[in-house]
Amino acid sequence: DKTDVLLQNKGKCMNETNTYEKFRKEIFMDRLQKDLETNPPIFDGIIYLLEIIRKKLCNIAPQNIKYKDIINNINSVLDTKYLKQLIDNNVFDNETIKNIFGFIVQKLKEFQSESEDNELNIWINKLEDEYLSKLTEKKISNILPHILGGLLNKLDNLEEIVNSYRQKINNDKL
């Protein structure tokens, strides 16, 4: 009987936390879109999100020292100081955005289960059709929040799975 109450309370707390997280993300993305609509655009939110994505990819990557090149590559491609310089010098362009997107998607494919590939490919095709192919027509302020938000959601799910497996492996060793 106490177990049921505990589970109900835990479920309610998790629901509230998930709702709050979702609300927080929506507010951030709205603010990001408004920042990108200013003249000149404010890219601080983009740099912040790319830093989060970089950290998540490094966390998801294999942690053994023999795979340090993977983490070095992530840190090199998603070097937010360098990307900030591109922005500051007005050379952060559509090609850079496409390259960053392609790199992150490549890492997602490398790190996720093959069974997830089909769903990811459908999502990528939809993004390419609706956003990336129309990058010159559509405002960047409408595109980047959507793309980065979607990538963050995919990375959050993958990170949760990876952490769960790592915890299970560590528990099995004990």
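Analysis parameters
- Residues numbered from 1 in each chain as written.
- Predicted model: local features only at pLDDT ≥ 70, side-chain atom pairs only at ≥ 80, totals over all residues.
- Heavy atoms only, no water.
- Helix = DSSP H or I, 4+ residues; strand = E, 2+ residues; numbered from the N terminus.
- Expected span 1.5 Å × (residues − 1).
- Buried < 20%, exposed > 50% of the residue type's maximum accessible area, 1.4 Å probe, protein only.
- Arc of directions from axis to C-beta.
- Contact = heavy atoms within 4.5 Å.
- 1 Å grid on protein atoms, 1.4 Å probe; cavity = no way out; pocket = protein on both sides within 12 Å on 5 of 7 lines; lining within 4 Å.
- Points joined across faces, edges and corners; volume = space filled by probe spheres on them.
- Nonpolar A, V, L, I, M, F, W, Y, C, P; charged D, E, K, R; others polar.
- Salt bridge = Lys/Arg side-chain N within 4 Å of Asp/Glu carboxyl O.

1. Topic: helix α6 (residues 117–130)
Next up, step 1: Compared with an ideal rise of 1.5 Å per residue, which puts 14 residues at 20 Å, α6 spans 20 Å between its outermost C-alpha atoms and is within 8% of the ideal.
Next up, step 2: L120, W123, I124 and L127 are the residues of α6 that are buried. All buried residues of α6 lie within an arc of 100° about the axis, which places them on one face of the element. Of the residues in α6, the exposed ones pointing more than 90 degrees away from the buried face are N118, I122 and D129.
Next up, step 3: Buried residues along α6 sit in contact with α5 (94–111) and α7 (140–173).

2. A closer look at the layout of surface pockets
If you roll a probe as big as a water molecule over the atoms, it shows you where there is empty space left.
Next up, step 1: Roughly 440 Å³ of internal volume is contained in the largest pocket.
Next up, step 2: Every residue lining the largest pocket is counted, 17 residues in all, and those nearest its centre are Q112, E116, N157, L158 and I161.
Next up, step 3: Elements with a contribution of two residues or more to the lining of the largest pocket: α5, α6 and α7.
Next up, step 4: With 10 residues, α7 is the largest single contributor of residues to the lining of the largest pocket.
Next up, step 5: When grouped by side-chain class, the residues that make up the lining of the largest pocket number 8 nonpolar, 5 polar and 4 charged.
Next up, step 6: Put simply, the second largest pocket is a space of about 360 Å³.

3. Points about the pattern of salt bridges
Next up, step 1: Summed over the entire model, instances satisfying the criterion amount to 8 salt bridges.
Next up, step 2: Between K25 and D156 there is a salt bridge, and its shortest N-O distance comes to 2.8 Å. Residue K25 is found in helix α1 (residues 2–37), and its partner D156 is found in helix α7; the two are separated by 131 residues along the sequence.
Next up, step 3: Residue K25 is classed as partly exposed on the basis of its relative accessible area, which comes to 34%.
Next up, step 4: Note that D156 and K56 form a salt bridge whose closest N and O atoms lie 2.8 Å from each other. One end of the pair, D156, is in helix α7; the other, K56, is in helix α2 (residues 44–60), and 100 residues separate them in sequence.
Next up, step 5: Members of the salt-bridge network, linked through shared partners, are K25, K56, D156 and E159.

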